[in-house]
Amino acid sequence: QPGKLPEKWESVKVSDVGSIETGYTPSKKISEYYSDSYPFYKPTDLEAGNNVKNSSDSLSEEGIKIARYLPVDSILVTCIGATIGKTGIIRKAGTCNQQINAIIPKPDFVPNFIYYQVISPGFQDSIRRSASSTTLPILNKSKFMNLNLVICPLNEQIEIVHAIESRLSICDRLEETIHSCLNQTDFLK
């Protein structure tokens, strides 16, 4: 039956799966805030998707103290501008700028399970529908926190993530094979 969730599954708000932080940019005028200690993630750094480790800027120990520290496995979602909805999951602790809202998952949620839901077409549509309809789309923190996710028991979250990642692994291998064959074809020409 469409719209009916399996037993023990439920629709919850984003705020129910973890704490939500909006990024913050320390003053560029204070050079002591910037060094190579902690990644300072921006929307362009989220291209790595489920393996975000690198950033174009970094903060120092002083800079991270005034920024909003984000632990490993935080899910970063761009909520302002042309790239609204761009999402990444960080594999190196750091912080982000104010264009991004971060979900810091509670221990009873698998971070990758949340990540895969956030990048799903349905959730991405809800981001765009909930954003202000000005020239620069903006989804404020309170609207972001109230978007819906579907949650299931922890063991099922683990199974779902495993199934998704095994299929993605097959796709990666297929892509490598195609690329290799194309290179071989070029060589034979």
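Residues numbered from 1 in each chain as written. Predicted model: local features only at pLDDT ≥ 70, side-chain atom pairs only at ≥ 80, totals over all residues. Heavy atoms only, no water.

Enquirer: Before we move on, can you summarise the sheet that holds strand 7 (residues 95-96) with the specific residues and values?
Expert: Judged by pairing direction, the sheet is mixed, and its 3 strands sit side by side in the order 4-3-7 without closing on themselves. Both outer strands of the open sheet, strand 4 (57-59) and strand 7, are each paired with one neighbouring strand and no more. (Pairing = 2+ DSSP bridges. Helix = DSSP H or I, 4+ residues; strand = E, 2+ residues; numbered from the N terminus.)

Enquirer: Go over the nonpolar core, please, and point to the residues and values.
Expert: Counting 27 residues, the largest nonpolar core has Val14, Val17, Ile103, Ile114, Leu139, Phe144 and Leu149 as the members making the most contacts within it. Listing elements by their share of this core, those giving two or more residues are strand 5 (75-78), helix 2 (111-118), helix 3 (121-130) and strand 9 (148-151). With 5 residues, the top contributor of residues to this core is helix 2. With residues up to four places along the chain from it excluded, the contact list for valine 14 reads Ile20, Ile103, Phe123, Phe144, Met145, Leu147 and Leu149. Formed by 10 residues, the second largest nonpolar core is a distinct cluster that contains Leu46, Val52, Cys96 and Ile104. (Core = buried A, V, L, I, M, F, W, Y, C linked by side-chain atoms within 4.5 Å. Buried < 20%, exposed > 50% of the residue type's maximum accessible area, 1.4 Å probe, protein only. Contact = heavy atoms within 4.5 Å.)

Enquirer: How would you sum up the environment of glutamine 99? Please name residues and give values.
Expert: Inspection of the secondary structure assignment puts glutamine 99 in the loop between strand 7 and strand 8 (100-105). Along the chain, glutamine 99 and leucine 76 lie 23 residues apart, while their C-alpha atoms are 9.8 Å from each other. Dropping the residues within four chain positions of it, glutamine 99 is found in contact with Pro43, Val77, Thr78, Cys79 and Ile80.

Read these as layout, nothing more, since geometry by itself doesn't imply function.
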